[in-house]
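# Examining the three-dimensional arrangement
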Amino acid sequence: MIKVSPLILGSALASLLFVSCTSGRVADGQSVEGRREFELKKYRDPATGSIPVNIRALEVDFAQTLPGAVGNKDGSEVVQDLGSWQQRGPWNIGGRTRALAMDASDSKVILAGAVSGGLWRSTDEGASWSRMTKSNQLHTVTTVAQDTRDGHKNVWYYGTGEIYGNSSQISGNGIWKSVDGGGTWSVLPSTLSASTPSTNQFAYTWRIVTASPQDSGEVYVATAQSGIYRSTNGGTTWTGVAGSNALFTDVAVTPNGTLYAAFSGFTGQTGSVSSRWGVFRSTDGLTWTKITPPEMKNTVKRIVLAAVPQHPDQIYVLAETPGIGAKGTSNNRGKVLEEWHSLWKYTYSASNGSDGGRQWEDRSANIPLSEEARGDFYSQGGYDLLIRVSPFDSNLVVVGGTNLYRSTDGFKTTSTNAWIGGYGKTSPFWDRYSLYKNHHPDQHDVLFHPTKPSTMISVNDGGIMRTDDIRAADVAWTELNRGYLTTQFYTIDQEPYAGSAKLVGGMQDNATWTTASANVEAPWTRLGGGDGAYCYFADSGRTQYYSSQQGRMYKIFFDQNGAELDRARIDPAVNGYLDYLFINPYVLHPTDQHMMYLAGGQMLWRNSDVRGIPPGKNDSTSINWDSLSATNLGPTTVQISSVCATTSTDSQHHVVYYGTTDGRIFRLDSAEKGQPKPVEI
C-alpha cells in the first residue's frame, strides 16, 4: 500500500499526481493560519525551528538523482520518457489560482497562474490547458499582466511568491517575462535573487499592472513589505516609487493612466505599523498623494483596489479594517471568529480643491452579511479578497472573500446583493464544506469578458470557473478545470491489489476525491469536504476512510458495484478538542484494517474495531476508542506528527512507530492491547 507524505510544494512536480506502475501498495473555512503553521512544522529543521535557507537548492539536487527526473541541474528542460510513471490527474479539479488575464488581441486566449502549479495557457476559452512554465522553473505564480499597447501585445509578465496563505518560507523569486504571447518564459535578471527562498524585494508579489503614457510601456509591481516598483524599459531596471514595509500592497491603473496604490498598516509583525499606509494616487507614477478614506485607521490590513472602466476618475476600495465597517462572523471548531471589512467608492474632482480633490462614499454598511451558515462576507485575514467592476456597467460590482457576491447598484444599498459563489447554502449531514454548484470557496480574482457583457471568469482555491449570465437570480457556473493540473495533494492511497486503478487523495482546500479509472481524463469523485487529509482503502475497497483538517474523520461503506451505502463520523469524543495538527495523521493496521491508531495532539489514540461505529453518525464518538496514556508527551506544545504500524517478527502483535514535531521517534510494542509503554528510538 502506498502512503505518500505531503511534498514540498516548490518541487518541480509537486502540483501533479504521478504513480509508479511498478510500486506496491470553519464557516469552517479557517484554513489559512492552520495550514501555514502545519507546513512550517513539517518542513522546518527541528533543531532550529526554521526552514534551512538553502533547502530549495538541496531539494532540486536530490530530485535530479531520482529515476525519471525531468530536468537537468543546469536548468535546461529535458523531454524524455517518464519510464514507469504515468499521469493520473485529477483532470477535473483545479488548485489554488491567483493569477488570471485574457489576451487583449484574442479573447479566446486565457492565461492563469496557480500558486504551486505554474503558468497555464488556453487558446479555446478555457476548454483545454497547456502548462507554459517548464518543469524545472519556479511555479509559484501569483499575478499576471499583458502589455496592451499596439505592437507590444506579445509581451507578458508574471510575479511569484505567496507570502500569506502559504508558509512564508516557500517564496517566489523574481518577475518573469514572455515575448511570444505567453508561450515561453524567463526570469528578469534584475529581479532574481541568488537563492530561494529569495532575499530581495521580488520574493513575494501581490500585483503586476502595465500603464502606457507616452508609449513608455511602464510596468508596476506591488510587492510584500517592499512597496511599489516601476520599470520603464521592460523590466531591465526597476525603481522603488512608493516605499512601504506593509505586508499587503496593491496597485491599479485607470483607463486614463492614473495610478492608485494601497498599503496595509499591518507589516506582518504584531504591534508594528507600516511606515506608509492607506491609499495613494499618482498621475506620473513618481509623485504620490495620500487620499486615504477618513474612516480608515492604521490598523488596516489588506486593501484591494478596482478601477471603474467607464469613469477613469473613480475607484472602489475594499479592505479588512479591524473594529470598523461591517462585522462578519465565522465558526472554527466551535469558536466564533469575527472580521471587519469596509468598502468605499472614490471620485476625483479637480474642482474640489479644499481637500485635494478627495471625495469618498462609505458603502461599508452594504457589505453582504447573511443569517445563512457561512454566508457573511469573510476574507480569512485578507487571504481571499477581491473587488472588480464590469466594463459594461459601473454599477455591476463583484466582491469576494470566502464567497463571491454581486451588486447591481455598486453596493449603494443591500437590496441588489446576491451570493453567487463559494460555499453552498445547504449541505448533507456529513459535509460542513458544501460548495456552490460548480464553484468553490476562497476567491482570488474575477475577469469580465471584454465583449460579452454577461460573461465572467472566476478563480479561487478550486481553480477556474465561468458564468455566461452574471446577472441571473441564481448564477450558473461551468468549471474550466479540465486538464488544468494544479491541485496540491497532502496524501494519497492506492488500493493494494494488482491491476487496480483505484486511488484516493486528500488535497489542499479541495476535499478528498477518488477514482477507479486509469484514464487520466476520467473525472474523479468527491468523498468529503474541507482540506482533504489522510485517506485509506480497506476491506477490498468496500470501505474508504477520509479526514479533513484538524482531525475530523469519516468512514464510507460501498456496495459491490461501488455505490455508497452509508457513512459515519469516527473521530474520538473528548471534553473539548484534541490538539490535532492541521492535516492530522492516523493509520490502519496493515493486517488488521479494523484497528486504527491516531495522533491526538500530545497522545496516541487507538480504536480497537472501527466496524463497531454505527452508520449515520455525524458526531465524534467514544465507541472503541482508548487514549494510550503512556504515550502522553506531557504539558507541552509538542505534538505527535506521524504514525505508522506494522507487525512484530512473530506476526502476532502490533508495532506502532510515531514521530513528534520536535524530531523524536518512538516505538510502541504490543500496541493492540492494554496500555503499552513507548520506547524512544
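Our structure is the block above this text.
Note that the coordinates shown come from a computational prediction; the quantities given were computed from them, not determined experimentally.

For the rest of this paragraph, the subject is the overall build of the protein. What the protein contains, in helices and strands, is 2 helices and 47 strands. Across the 681 residues that make up the protein, the buried fraction comes to 58%.

For M296, the location among the structural elements is in the loop between β18 (289–290) and β19 (303–307). You can call M296 buried: its relative accessible area is 4%. Put simply, M296 and G278 are 18 residues apart on the chain and 7.5 Å apart in space, counted from C-alpha to C-alpha. In this structure, M296 is in contact with W277, G278, V279, I303, V317, A319, I324 and W344, ignoring residues within four places of it in sequence.

Here the focus is the nonpolar core. A general feature of soluble globular proteins is that nonpolar side chains tend to end up buried together. By size, the foremost hydrophobic cluster in this structure holds 40 residues, and its most contacted members are Y545, Y586, M596, Y597, L604, V643 and V656. Counting residues per element, the ones that place at least two in this core are β36 (535–538), β40 (586–588), β41 (596–600), β42 (603–607), β43 (625–628), β44 (640–647), β45 (654–660) and β46 (665–669). In terms of residue count, the dominant contributor to this core is β41 (4 residues). Apart from residues lying up to four places away in sequence, V643 is in contact with P585, V587, Y597, A599, L604, V656, Y657 and Y658.

Within this structure, the stated rule accounts for 21 salt bridges. Across the salt bridge formed by R471 and D393, the nearest N and O atoms sit 2.5 Å from each other. Taken together, the residues span a long stretch of sequence, with R471 in the loop between β30 (463–467) and β31 (478–479) and D393 in the loop between β24 (386–389) and β25 (397–400) at a distance of 78 residues. Accessibility expressed as a relative area gives 42% for R471, which makes it partly exposed. Its salt-bridge partner being D626, residue R606 comes within 3.9 Å of it at the nearest N-O pair. In this pair, R606 is assigned in strand β42 and D626 in strand β43, connecting sequence segments 20 residues apart. Judged by its relative accessible area of 4%, R606 is buried.

When you line up the elements, L435 lands in the loop between β27 (418–421) and β28 (443–448). Note on L435: relative accessible area 31%, which makes it partly exposed. On a C-alpha basis, the gap between L435 and G529 in space is 8.6 Å, while along the polypeptide they are 94 residues apart.

About the thresholds
- Residues numbered from 1 in each chain as written.
- Predicted model: local features only at pLDDT ≥ 70, side-chain atom pairs only at ≥ 80, totals over all residues.
- Heavy atoms only, no water.
- Helix = DSSP H or I, 4+ residues; strand = E, 2+ residues; numbered from the N terminus.
- Buried < 20%, exposed > 50% of the residue type's maximum accessible area, 1.4 Å probe, protein only.
- Contact = heavy atoms within 4.5 Å.
- Core = buried A, V, L, I, M, F, W, Y, C linked by side-chain atoms within 4.5 Å.
- Salt bridge = Lys/Arg side-chain N within 4 Å of Asp/Glu carboxyl O.

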